[in-house]
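Structure assessment
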Protein chains: 2
Amino acid sequence: MREYSVAVVGASGAVGQEMLRVLQQRQFPVKSLRAFATRKSAGQKIEFKGQSITVEDVEGASFRGIEVALFAGGEVASSVYAPKAVAEGALVIDNSSHFRMDPKVPLVVPEVNPDALKQHSGLIANPNCSTIQMVVVLKPIHDAARIKRVVMSSYQAVSGTGKAAMDELQAQMQALVAGQPVPVQVYPHQIALNVLPQIGGFGPDGYSEEETKVMNETRKIMGDDRIAVTATTVRVPVLIGHSEAINVETERPLTAAEVRDLMAKAPGIKVVDDPAKSVYPLPILAAGQDDVLVGRIRKDLSHPNGIELWIAADNLRKGAATNAIQIAETMLNLALV
Amino acid sequence: MREYSVAVVGASGAVGQEMLRVLQQRQFPVKSLRAFATRKSAGQKIEFKGQSITVEDVEGASFRGIEVALFAGGEVASSVYAPKAVAEGALVIDNSSHFRMDPKVPLVVPEVNPDALKQHSGLIANPNCSTIQMVVVLKPIHDAARIKRVVMSSYQAVSGTGKAAMDELQAQMQALVAGQPVPVQVYPHQIALNVLPQIGGFGPDGYSEEETKVMNETRKIMGDDRIAVTATTVRVPVLIGHSEAINVETERPLTAAEVRDLMAKAPGIKVVDDPAKSVYPLPILAAGQDDVLVGRIRKDLSHPNGIELWIAADNLRKGAATNAIQIAETMLNLALV
């Protein structure tokens, strides 16, 4: 089997670290691995397949010879270095939001719109974490009964913000347990024992950046501009695993049993739905898994064509690293790289 | 001013304790106070207005001479002792769900349906915590533009379950910080660093008891059976303060500015809505307050007649103790007791 020279940009961050793990766990055919980060982290050693790799400073680095570059270094790094990597011949899979809504850039969840990869120009955008897990479950419903409208509320883990936020939640818990003042630096308010209805800044329409991503990216990935979406995205004191309450209105009514059946047959989904036994998706259950967990599937009693779902997924894996690597795998399978 | 002989049943629980605080803080005209609990807590001393009061065993107790009895001892205590208290001449305000949907029992939020008190037969039901805070904000919208449908997702504090759950969340945080095994007794799963899409048991329709309460009680309190409501209620690792993402569809479209104006003029509501400055309702901000905090008010981009809101309120106060005592105050003002 052919192997590829791979790079991870942002290798010291929460998503970058997860990418290194997922590349190994999924046995992605890596011939050689290079790890990049900002100057601050350059020189660090990371382990990959038993080898010690030195993190390189991304500034001034050449991407020549790299075939697949996974970008997880944030907006600025992607906007500056991703086009450079493409120009130097790498296939870039970019986890930032920078290129996602560019009509020339495919925005892909392999279970949903793999064919969009065929129109790529060297760069594929990896969608927003809370969007990925939602479209994985929306796709089979849309194919079966056409989705008209989605009302989503999220319960998002702090790892979506990054390592500093994970550290801060743990430091806050420690301070609360010890009865000491609670350090607040990463978020505008304490996150331990609290929930924050803010993810990113706010637009003039009152929606947060995260909410706007969910609304716009869903339509682009699903390839249907008629799907109406509204979202309230909320940060909760969870380390890993985003959860979502999803209310779906379809053109043709579906029973809960039909939806459960659609979910059971769809790729990338695990049905976890026996509420009487307290079996339903949980973030601590989703953490470490690649599937999107779906449960609490029920007929919406407020609308004849409504369905209620509750989902959870690992935001660092399916919401970021796993999806990016699945994109790379799909490119390989389609012989696009 | 006339003063009343008052009893609190369930005086050692989270809501009972809050009732004792709220009676004092709101200067309810208490002539004498009696405190009841189960045998386990009988004999405990509680403080009320600087006096030490001994908690009495509710079993076998006489309610004669008590004018206002606030019940916060749970379903069983209410089902057994509330009718007895009524028979012995007390006006009962009951925080349990036992009598709420009884057509002969008023279910009252004073800002919403005070007139329902006039038809009482000795017992008034205090609604479910997550319902109370929602109807306070729905009422002015309904009056202005008639609400057709509500899609609600909740983020509920563990104090809604009671003191044992508050203790367990804190014990779990302590164990996590210390790297020790996490004790799990109150909920079917760990609640620290997790969220649970289960509040109460589940019905054959797949909705939880809490969700069903929200859906049914909202229609009864609002006095309009045509309002379609669906809810997903979720327990989050917060000690005090329930939050809710509320999507409202009205018959007549409202702008966000109109809704903000309605909220600003309505009783029991505090508008906390300047997201650009990270000002929005938070459970830790709502804790200790009697008002329902509302913010993130925006036009729902998925529906021409949709509005999105985010609210938070103290579930032990407005969600339970404060509302019960406001009911008693309203009864006094209406000369119904």
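Structure shown above.
Residues numbered from 1 in each chain as written. Chains lettered and ligands numbered in written order. Predicted model: local features only at pLDDT ≥ 70, side-chain atom pairs only at ≥ 80, totals over all residues. Heavy atoms only, no water.

A look at the overall build of chain A
If you tally the helices and strands in chain A, you get eight helices and 14 strands. What you see for chain A is a C-alpha radius of gyration of 20 Å, in line with the 20 Å of a compact globule of 337 residues. Along the longest, intermediate and shortest principal axes, the C-alpha atoms of chain A span 60 × 55 × 40 Å. By residue count, 62% of the 337 residues in chain A fall in the buried class. A sequence separation of at least 24 residues applies to 66% of the contacts in chain A between residues at least 6 apart. Carbon and sulfur atoms make up 51% of the accessible area of chain A, which amounts to about 12,100 Å² in all. Chain A carries 34 positive and 36 negative side-chain charges, and their two centres are separated by 2 Å. (Helix = DSSP H or I, 4+ residues; strand = E, 2+ residues; numbered from the N terminus. Rg over C-alpha atoms; globule rule 2.2 N^0.38 Å. Buried < 20%, exposed > 50% of the residue type's maximum accessible area, 1.4 Å probe, protein only. Contact = heavy atoms within 4.5 Å. Areas by Shrake-Rupley, 256 points an atom, 1.4 Å probe, with all protein chains shown as cover. Lys, Arg positive; Asp, Glu negative; His and termini not counted. Charge placed at Lys NZ, Arg CZ, Asp CG, Glu CD.)

Quick notes on the packing of helix 3 (residues 129–145) of chain B against helix 8 (residues 317–333) of chain B
All names here are of chain B. Helix 8 packs onto helix 3 with a crossing angle of 85 degrees between their chain directions and a minimal axis gap of 8 Å. The orientation of helix 3 relative to helix 8 falls into the category roughly perpendicular. Along the contact surface, helix 3 presents Cys129, Ile132 and Val136, while helix 8 presents Lys318, Gly319, Ala320 and Asn323. Among the residues forming the contact of helix 3 with helix 8, the class breakdown is four nonpolar, two polar and one charged. (Axes fitted to C-alpha atoms, helices over the stretch in contact; angles between N-to-C directions. Parallel < 35°, antiparallel > 145°, perpendicular 65-115°, else oblique. Nonpolar A, V, L, I, M, F, W, Y, C, P; charged D, E, K, R; others polar.)

Some remarks on the pattern of salt bridges
When the charged atoms of two side chains lie near each other, side chains of opposite charge can form a pair. For the coordinates displayed, the defined rule picks out 49 salt bridges over all chains. In this structure, arginine 21 of chain B engages glutamate 18 of chain B in a salt bridge whose closest nitrogen and oxygen atoms are separated by 2.8 Å. On the criterion of helical spacing, the pair formed by arginine 21 of chain B and glutamate 18 of chain B is a turn pair, its members being three residues apart in helix 1 (residues 14–25). Overall, arginine 21 of chain B belongs to the partly exposed group, its relative accessible area being 39%. Several salt bridges share partner residues, and in doing so they unite Glu18, Arg21, Arg26, Asp290, Arg317 and Glu329 of chain A into one network. (Salt bridge = Lys/Arg side-chain N within 4 Å of Asp/Glu carboxyl O.)

Here's the deal with the sheet that holds strand 10 (residues 228–232) of chain A
All names here are of chain A. Read across the sheet, six strands follow the order 10-9-11-14-13-12 without closing on themselves; strand pairing throughout is mixed. Both outer strands of the open sheet, strand 10 and strand 12 (269–271), are each paired with one neighbouring strand and no more. For this sheet, the mean inter-axis angle between neighbouring strands, taken without regard to orientation, is 25 degrees. Here three bridges tie strand 12 to strand 13 (residues 292–299), and the two strands are oriented parallel to one another. What sits directly across from valine 271, in strand 13, is valine 294. Where helix 6 (residues 256–265) meets the sheet, its contacts fall on strand 12, strand 13 and strand 14 (306–313), and the angle it forms with strand 13 comes to roughly 165 degrees. (Pairing = 2+ DSSP bridges.)

Some words on the pairing of strand 9 (residues 147–155) of chain A
Residues and elements named next belong to chain A. Within strand 9, eight of the nine residues are buried, leaving the element largely enclosed by the surrounding structure. When strand 9 meets strand 11 (residues 242–250), the two strands line up antiparallel, connected through eight bridges. Paired with methionine 152 across the strands is isoleucine 246, a residue of strand 11. Relative to strand 10, strand 9 runs parallel, the two being bridged by five bridges. Residue pairing for strand 10: serine 153 is matched across the bridge by threonine 232.

Points about the packing of helix 3 of chain B against helix 5 (residues 209–222) of chain B
All names here are of chain B. Their axes nearest at 10 Å, the elements helix 3 and helix 5 cross at an angle of 40 degrees. Between helix 3 and helix 5, the interaxial angle falls into the category oblique. Remark: the crossing between helix 3 and helix 5 carries right-handed chirality. Within the contact between the two elements, helix 3 uses Cys129, Ser130, Thr131, Met134, Val135, Leu138, Lys139 and His142 and helix 5 uses Glu210, Lys213, Val214, Glu217, Thr218, Ile221 and Met222. Here the residues of the contact of helix 3 with helix 5 are counted per class, giving seven nonpolar, four polar and four charged. (Left-handed = near helix turned anticlockwise from the far one by under 90°.)

Let's talk about the relation of the copies chain B and chain A
Under the fitted operation, chain B is carried onto chain A by 0.0 Å of movement along the axis and a turn of 180 degrees, and the coordinates agree to an RMSD of 0.0 Å. Within this description, the copies of the chain are treated as partners about a two-fold rotation axis. (Least-squares fit on C-alpha atoms with pLDDT ≥ 70 in both.)

Things to note about the side chain of glutamine 326 of chain A
Residues and elements named next belong to chain A. Tracing the sequence through the fold places glutamine 326 in helix 8 (residues 317–333). Of the residues examined, glutamine 326 reaches a relative accessible area of 11% and is grouped as buried. The residues touching glutamine 326, leaving out its near neighbours within four places in the chain, are Arg26, Pro110, Glu111 and Lys318.

Topic: the interface of chain B and chain A
Contacts between the two partners involve 56 residues from chain B, matched on the other side by 56 residues from chain A. Of the roughly 4,800 Å² buried at the junction of chain B and chain A (both faces included), carbon and sulfur atoms supply 62%. Between chain B and chain A we count six salt bridges in total. A salt bridge links glutamate 211 of chain B to arginine 296 of chain A; the nearest nitrogen and oxygen atoms lie 2.6 Å apart. (Buried area = accessible area lost by both parts, 1.4 Å probe.)

Things to note about the sheet that holds strand 5 (residues 56–57) of chain A
Residues and elements named next belong to chain A. With parallel pairing, the six strands of this open sheet are ordered in space as 5-2-1-6-7-8. Here the strands that pair on one side only, and so sit at the sheet edges, are strand 5 and strand 8 (123–125). As judged from the four bridges shared by strand 6 (residues 68–71) and strand 7 (residues 91–94), these two strands associate in the parallel manner. What sits directly across from phenylalanine 71, in strand 7, is aspartate 94. This element, helix 1 (residues 14–25), spans strand 1 (4–9), strand 2 (30–37) and strand 6 of the sheet and lies at about 155 degrees to strand 1.

Side note on the environment of glutamate 59 of chain A
Residues and elements named next belong to chain A. If you trace the backbone, glutamate 59 turns up in the loop between strand 5 and strand 6. Between the C-alpha atoms of glutamate 59 and tyrosine 81, which are 22 residues apart in sequence, the distance is 8.2 Å. For glutamate 59, the contacting residues outside a window of four places in its chain are Arg39 and Tyr81.

Some words on the environment of valine 236 of chain A
Its location among the elements puts valine 236 of chain A in the loop between strand 10 and strand 11. Of the residues examined, valine 236 of chain A reaches a relative accessible area of 0% and is grouped as buried. Residues valine 236 of chain A and proline 197 of chain A lie 39 residues apart in sequence; the distance between their C-alpha atoms is 8.9 Å. Not counting residues within four places of it along the chain, the set of residues in contact with valine 236 of chain A comprises Tyr155, Gln156, Ala157, Val158, Ile191 and Val195 of chain A together with Tyr155 and Val195 of chain B.

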